[in-house]
Every structure is written in C-alpha cells, then in structure tokens.
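Take a look at the letters that make up each chain.
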Amino acid sequence: MAFKKDFLWGASTSAYQVEGGYNEGGKGASVQDVKKIPDGTPDFKVCSDHYHRYKEDIKLFNELGLKAYRFSIAWTRILPTGDGEVNKEGIDFYNNIINECKKYNIEPIVTMYHFDLPYELDKVGGWSNDKTVDAFEKFAKVLFENYGDRVKYWLTINEQNIMTLMGSVIGTGDSSEIYQDNHRMLLAQAKAMILCHKMLPNAKIGPAPNISAVYPNSNTPEDNLAAQYANVHRNWQFLDACVFGIYNKLALEMIKSQGYKLEISEDDIKILKNAKPDFIAFNYYNTSTVKASQKINDSTKIDQQNMSGVNGFFEQVDNKNLQKTEFGWEVDPVGFRVTLNEIYSRYNLPLMITENGLGAYDKLEDGKVHDDYRIKYLKDHIEQMRRATESGVEILSYNPWSAIDLISTHEGFLKRYGFIYVDRDNESEKTLNRYKKDSFFWYKKVIESNGEELD
Ligand code: BGP
C-alpha cells in the first residue's frame, strides 16, 4: 500500500468563498467584501451559505468519507476590526465547525488567513503598515488559545506568493512596495510559527503557497537559465525565507533590477531564522513554461503583474505539450510529481497538498452531475502523487479544491470545483440545495481504499 494508514484524505474551502453571512454574527468587513466585483459575477454576501448550513455540509463531508477538512478562519469574524476586541460569536462559529468535524473524526486543517485581510487594517495601509504584523500575531494568539486544544494542523497564509506576484488580480493589494509588504507577511508568518510552537508544543504549522515547477521552453542554456530564475521568482524565494530564514540571492537580483523597494534589518533576519515550519503545504494547479527574455530597455520599470515575466530574466509562454481546461488552465499531472519531488528534495520536510482541482461548467441534470472530466483530472494527479510517495516523498494529506461548490474569484458560480453541487448561479441564489456529483462517489471509493482504487 503506497499511502500510510493515517494518510489524511481531505478537501478544501476558504471562508470568503464558501461562508456567506458576510455581516452576521458580528463579522467585520474584509477586503473581499468591499472590492469591486467583476461584471456579471456575484458578491460574497451569500456564497454557498455554509455559514448557515455548515452542519448539513459537514455531515455530507462525513458521508464522502473525508478524513480531513481544510478550511479558513475569517479574521474579521474573530477580530472584526483586525486587532481590536475579540468577537465571541465568531469564536463560537468556528468552535461549532471544529466540533462538528471532530464529531465525525474529520481532522480540521485550519488556514489562518486566506485572502481576506480585515478592511480596517487595509484602510491604514494593510501589509504596508507594521501594525498589521502585530495584528496577525495577536489574531494567531487568539486562535491558538481558543482552538489549540482540538486543531493540530495550522496553515499560516494562503498563497502569499500569488498575493505578492498578482495581488491586483485577486483583490489583495498592489504597489511598488509589494516586496516590502511581502517581507512583512514573512515576518508575520514567522512570528505565528514561533508562537504556535511555544503555546502548542504538539501542534504542527506550515505555510501554504501556490507552488509549481517552471519548465524551460527549450534545451538552450539561455532558456534553462530563465527557468531557474522563474522558479526562484515564483516558488523558492518564498519557501527559502520561510524554511531557512534567508533571502534567495537570485530573487534579490530580480527585485532590485525592477526597482522595487526592499529593506531588511538584521533583527528581521533573526526572527525569520528562529521560525521553522513543521511541514510545507502547497496548492498545485498547473506548471508554467518560460523562455529567456531580452532586457527591453535600461529603465527600471516596475511590472506589477510580474507572474508572467521579469524583464531581462524570463517570459512565460504556452506549453504546446499540455491540454487546457475549459478555463484555459494547463493540465499537468506529471508536473505535480515534478513539483512534489522538487520541494521535498530542496527542503526535506513533509508535504501537504492544500489545493488541487479542476474548475468546470458543471451541469445539474435530474439531480445528478456527470463530472467525469473532474474524476479524470483528480485520478491522474493522485496517481502521480502515489508514485512520488513510492519514491520516498513524505506526504501527509491531500485536499482537493473544493469540498463543495463555492465562488470562484473571477467567474463566480460559473466555474465550479466541488464534489458537492450547490444549486445557485451567478444571477440568483435559487434553492442552495446540495447534490452529490459523480466525483463524490468516486472520491469516496478512493478514500475507502486508501488511494488504491482510482478507477
Ligand atoms: C487558488 C486560491 C483559491 C481558489 C483557487 C481556484 O489560487 O487559493 O482561493 O480560488 O485558486 O481559483 P479560481 O477560483 O480563480 O479558479
């Protein structure tokens, strides 16, 4: 048997995409509640109404056989203004979620911050203000005090690298000081990890970036060099700082060349070095491919959307060898194994997959959803994860995105990922009734067989 007996087969959601109840129970506004919503997509007021239906949902997760549920805690339910008074109703809500999971023997895996910075903190600069670092540490303390007796696995920040490299796209920030802001997030994360180890010696904590291998477009040395830089840019600079407490030199070279501000004090480095994650969690959807890029001019140009390239270092291109989803995302199960192998080789820490999945236009027909495309996607990825496990890569848990349909940041309910269909669309909330998709029954068998039965 490839997977250990206690392997945590799970599934994933995030608070602002699944909960709704946006102003209930004393919740404060987050940046997601106030951002401009793309035309034709819904706001985050109701989402999948998990806030009111969590009992029904967790009962369904139990029927699915989940051994773990990865969800996020809305910072603004706990501290409505980000760092002021603790909101008891918010504390109670997550006590209920955690207790409901425990009732079914489902291990809660808790993300502390998933794209939903409190709006009151954003108003005073968000991650550009040192106060946000202190606020995050306070938030962490409240979580550890209240839930530490039942939550063993903690994730600090969801996709810090995407917030840094594509903040304007997901509505989490955008500025010429973005690397200075990223540095503050690294400090906040380090402080939370140190605190967790102090307060909860038996708990485990780690980061949750979006990591994926970057391929060179050809075998020219120049393209290979480009891929090396792109890997550092997209992946390693974030994990090197989290795991080793160091700034990757190639990253610093790129950051400086583009004219970004970044000042790091010796005290900061001490904090980063003192903090050690117990595992690396990561989200994986697809790889990317790059070619060498000529420097266009000598002016130091700040490119905010620098996921797609860094002037003079690399430029992203399509990979002709890979198929794409209906939403244009490349599909690369072998790349998943490449990514697992690479992270494990670099950091030698246990891994946890906190997201992986296929967004598609699912159709409800006579109460059924025939999502064979999703089954194929997940099957191919689990197969590669199994092979990585057999090569000795230590993996604790696999949590596809998403446990249940929820709002996709750009397409709302048009783009679905769940094992459970939610009856609503972008235009109206309809019945919000839940239906089990074909993938639900398939994943149930996968879990029952501990990953042996994938067909
Ligand atoms: C990840 C995020 C999730 C989720 C997922 C799917 O980057 O952590 O919150 O949104 O991507 O993305 P999308 O909904 O844009 O397809």
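Given the structure is predicted, the values throughout are model-derived calculations rather than measurements. (Residues numbered from 1 in each chain as written. Predicted model: local features only at pLDDT ≥ 70, side-chain atom pairs only at ≥ 80, totals over all residues. Heavy atoms only, no water.)

Undergrad: Could you clarify how one ought to interpret helix 15 (residues 438-448) in this entry?
TA: The α-helix advances 3.6 residues per turn, and as a result positions three or four apart in sequence lie on the same side. Regarding helix 15, the residues found buried are Ser 439, Phe 440, Trp 442, Tyr 443, Val 446 and Ile 447. Down the axis of helix 15, the buried set is contained in an arc of 165°. They therefore lie on one face. If you follow the buried residues of helix 15, they end up packed against strand 1 (8-12), helix 3 (50-64), helix 14 (372-390), strand 12 (395-398), strand 13 (420-422) and strand 14 (434-436). Once helix 15 ends, the next one or two residues include Asn 450, with phi positive near 50°. (Buried < 20%, exposed > 50% of the residue type's maximum accessible area, 1.4 Å probe, protein only. Helix = DSSP H or I, 4+ residues; strand = E, 2+ residues; numbered from the N terminus. Arc of directions from axis to C-beta. Contact = heavy atoms within 4.5 Å.)

Undergrad: Got a minute to help me understand the sheet that holds strand 6 (residues 214-216) in this structure?
TA: The strands that make up a sheet are held in pairs by hydrogen bonds between backbone atoms, and each pair lies either parallel or antiparallel. In space, the four strands of this open sheet follow the order 6-8-10-9, with mixed pairing throughout. Each end of this open sheet is capped by a strand with a single partner; those strands are strand 6 and strand 9 (309-310). Note: strand 6 against strand 8 (residues 288-291), three bridges, orientation parallel. Bridge pairing links Val 214 to Ser 288 in strand 8. (Pairing = 2+ DSSP bridges.)

Undergrad: Help me out: how do you make sense of the environment of Ser 402 in this one?
TA: As for its placement among the helices and strands, Ser 402 is situated in the loop between strand 12 and strand 13. Expressed as a C-alpha distance, the spacing of Ser 402 and Lys 379, which sit 23 residues apart in the sequence, is 15 Å. Ignoring anything within four residues of it in the chain, the contact list for Ser 402 reads Ser 12, Tyr 417, Gly 418 and Phe 419. Only 3.4 Å separates the side chain of Ser 402 from the backbone nitrogen of Gly 418, close enough to count as a polar contact. (Polar contact = N/O pair within 3.5 Å; in protein donor to acceptor, adjacent residues only side chain to side chain.)

Undergrad: Is there a simple way to explain the pairing of strand 4 (residues 153-158) in this structure?
TA: Every regular strand shows the same layout, with side chains that alternate between the two sheet faces. Most of strand 4 is tucked away, with six of its six residues classed as buried. By the bridge criterion, four bridges tie strand 3 (residues 107-113) to strand 4 in an arrangement that is parallel. Looking across to strand 4, one finds that Val 110 is bridged to Trp 154.

Undergrad: Hey, could you run me through a positive patch on the surface in this one?
TA: A surface patch of positive charge is lined by Lys 249, Lys 256, Lys 273 and Lys 276. Tracing the sequence through the fold places Lys 256 in helix 11 (residues 249-257). Since its relative accessible area comes to 59%, Lys 256 is described here as exposed. (Patch = residues over 30% accessible without salt bridge, like charges linked within 9 Å, V, L, I, M, F, W, Y side chains within 5 Å. Areas by Shrake-Rupley, 256 points an atom, 1.4 Å probe, with all protein chains shown as cover. Salt bridge = Lys/Arg side-chain N within 4 Å of Asp/Glu carboxyl O. Lys, Arg positive; Asp, Glu negative; His and termini not counted. Charge placed at Lys NZ, Arg CZ, Asp CG, Glu CD.)

Undergrad: Help me understand the pairing of strand 12, please; the structure alone is not making it clear to me.
TA: Bridge count for strand 1 against strand 12 is two bridges, and the pairing is parallel. Following the sheet pairing, Leu 8 is matched in strand 12 by Ser 397. Where strand 11 (residues 351-355) lies against strand 12, three bridges are found, and the strand directions are parallel. From the neighbouring strand, Met 352 faces strand 12, where its bridge partner is Ser 397. Following the backbone out of strand 11, through helix 14 and into the adjacent parallel strand 12, one traces a crossover that is right-handed. (Right-handed = clockwise from strand over helix to strand, strands pointing away.)

Undergrad: What is the right way to look at the site of the ligand in this model?
TA: Near the ligand there are 14 residues, and of these Gln 17, Glu 159, Ser 408, Lys 415 and Tyr 417 occur at the shortest range. Taking Glu 355, its side chain carries an N or O atom lying 2.9 Å from an oxygen atom of the ligand. Relative to its free-state accessible area of 380 Å², the ligand is covered by the protein chains to the extent of 91%. With respect to the pocket detection grid, the ligand is positioned in the largest pocket. (Near = heavy atom within 4 Å. 1 Å grid on protein atoms, 1.4 Å probe; cavity = no way out; pocket = protein on both sides within 12 Å on 5 of 7 lines; lining within 4 Å. Sits in = over half its atoms within 2 Å of the grid points.)

Undergrad: Explain the packing of helix 5 (residues 88-103) against helix 7 (residues 130-147) here, please?
TA: For any two helices packed against each other, the geometry is given by the interaxial angle and the distance between the axes. Where helix 5 contacts helix 7, the two axes come as close as 11 Å, and the packing angle between them is 50°. Classified by the angle between their axes, helix 5 and helix 7 sit oblique to one another. Crossing of helix 5 against helix 7: the hand is right-handed. Facing helix 5, whose interface residues are Gly 90, Ile 91, Tyr 94, Asn 95 and Ile 98, helix 7 presents Val 142, Asn 146 and Tyr 147. Of the residues in the contact of helix 5 with helix 7, the class split is five nonpolar, three polar and no charged. (Axes fitted to C-alpha atoms, helices over the stretch in contact; angles between N-to-C directions. Parallel < 35°, antiparallel > 145°, perpendicular 65-115°, else oblique. Left-handed = near helix turned anticlockwise from the far one by under 90°. Nonpolar A, V, L, I, M, F, W, Y, C, P; charged D, E, K, R; others polar.)

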